[in-house]
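In case you want the letters, here they are:
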Amino acid sequence: IIFTIGNIGAAASNNSIKGFDTLTDIGSIGFGFITPITAILSMFHLFRKFWVLWGLSGKLGSKLAGGNDVQVDNIRTVRSVTRTQELATLMRFFASAGSAASLYWGWVERESSITIPTDPFLPAYIAAGSLLLHILSIIFLLFIEYFIRYRFEPKLGEYLSESFRGEIEGLYDSFSLPLTNIDTKHEQDSLTWEYVSREFVHKYRFDT
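Residues numbered from 1 in each chain as written. Predicted model: local features only at pLDDT ≥ 70, side-chain atom pairs only at ≥ 80, totals over all residues. Heavy atoms only, no water.

A. Spatial organisation of the overall build of the protein. If you tally the helices and strands in the protein, you get 8 helices and 0 strands. Taken from the N to the C terminus, the helices and strands of the protein come in the order α-α-α-α-α-α-α-α. Residues classed as buried in the protein amount to 27% of the 208 residues present. At a minimum sequence separation of 6, the contacts of the protein that also span at least 24 residues come to 68%. Accessible surface, the protein as shown: approximately 13800 Å² in total, 65% of it carbon and sulfur. (Helix = DSSP H or I, 4+ residues; strand = E, 2+ residues; numbered from the N terminus. Buried < 20%, exposed > 50% of the residue type's maximum accessible area, 1.4 Å probe, protein only. Contact = heavy atoms within 4.5 Å. Areas by Shrake-Rupley, 256 points an atom, 1.4 Å probe, with all protein chains shown as cover.)

B. Geometry of helix H8 (residues 185-204). With 20 residues, H8 extends 28 Å between its outermost C-alpha atoms, agreeing within 8% with the 28 Å of an ideal straight helix rising 1.5 Å per residue. The set of residues buried in H8 consists of Gln188, Thr192, Val196, Phe200 and Tyr204. Along the axis of H8, the buried positions cluster into a sector of 110°, meaning they face one direction only. Tucked into the core, H8 has its buried residues touching helix H3 (37-62) and helix H7 (165-175). Of the residues one or two after H8, Arg205 is the one with positive phi, at around 55°. (Expected span 1.5 Å × (residues − 1). Arc of directions from axis to C-beta.)

C. Local environment of the side chain of Ser102. Here Ser102 shows up in helix H4 (residues 69-109). What makes Ser102 buried here is its relative accessible area of 7%. Among the polar contacts listed, one links the side chain of Ser102 to the backbone oxygen of Ser99, at a separation of 2.9 Å. Excluding residues that lie within four positions of it along the chain, Ser102 makes contacts with Pro123, Ile126 and Ala127. (Polar contact = N/O pair within 3.5 Å; in protein donor to acceptor, adjacent residues only side chain to side chain.)

D. Inspection of the pattern of salt bridges at higher detail. Inspection of every chain in the model, using the stated rule, returns 4 salt bridges. For the salt bridge of Glu167 with Lys59, the shortest nitrogen-to-oxygen distance reads 3.5 Å. Of the two residues, Glu167 sits in helix H7 while Lys59 sits in helix H3, which places them 108 residues apart along the sequence. Take Glu167: its relative accessible area is 19%, and that puts it in the buried class. (Salt bridge = Lys/Arg side-chain N within 4 Å of Asp/Glu carboxyl O.)

E. Focus on the environment of Gly170. Considering the arrangement of structural elements, one finds Gly170 in helix H7. A relative accessible area of 39% means that Gly170 is categorised as partly exposed. For the pair formed by Gly170 and Val196, sequence separation is 26 residues and the distance between their alpha carbons is 9.3 Å.

F. Highlighting the environment of Leu122. In this structure, Leu122 sits in helix H5 (residues 122-148). The spacing of Leu122 and Ser102 is 20 residues in sequence and 8.1 Å in space, taken between C-alpha atoms.

G. H5, seen in detail. Compared with an ideal rise of 1.5 Å per residue, which puts 27 residues at 39 Å, H5 spans 37 Å between its outermost C-alpha atoms and is within 8% of the ideal. Three or more residues of H5 are buried, namely Pro123, Ser130, Ser137, Phe140 and Ile144.

H. A look at the packing of helix H6 (residues 156-163) against H7. With their axes 5 Å apart at the nearest point, H6 and H7 run at an angle of 80° to one another. Judged on the interaxial angle alone, H7 and H6 are roughly perpendicular. When H6 is examined against H7, the residues Ser161, Glu162 and Ser163 are found in contact with a partner set consisting of Arg165, Glu167 and Ile168. Among the residues forming the contact of H6 with H7, the class breakdown is 1 nonpolar, 2 polar and 3 charged. (Axes fitted to C-alpha atoms, helices over the stretch in contact; angles between N-to-C directions. Parallel < 35°, antiparallel > 145°, perpendicular 65-115°, else oblique. Nonpolar A, V, L, I, M, F, W, Y, C, P; charged D, E, K, R; others polar.)

What follows is the structure in structure tokens.
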């Protein structure tokens, strides 16, 4: 808004009023500083997601020692998908980092008082590389969604639950409440299992 007002005022006054030039400069500086912040926030979000996926992958790896062959095979499948998600998240993280760097670099280069002894097209190269990396990560995620996840075993949830039986039973014990005379045992049990399933998914982040 400030940048627009400054430009309109400068055009209307034929640059005779310095105040509008000042508004334009303020708007330009503010826009150049604030715009890359979205890429930086994206980096924090993607790093946190990568950390969650890394922890989930490690937890799944610890379950490979027990269970029958079918359970182990399904855990390996889920773990391989988790690894591919980690790679896609890293690609998006570096794409966001490159975007933020190129935007700030280009903003600094536009300042006439600052001289950087590098190729003036370097920020554009970084931005183009970041865009390409982001596009590749999207294609990779689509491949994971429609070619890997689509082939999951229909009983995958059952095998995973069996592998995490101890954790699930512990959650059930912690969420169980004394029976009341208001609801039936089936209704209370169903509500308890609903809480258990939500907490299990949230704790181990299978929804990531």
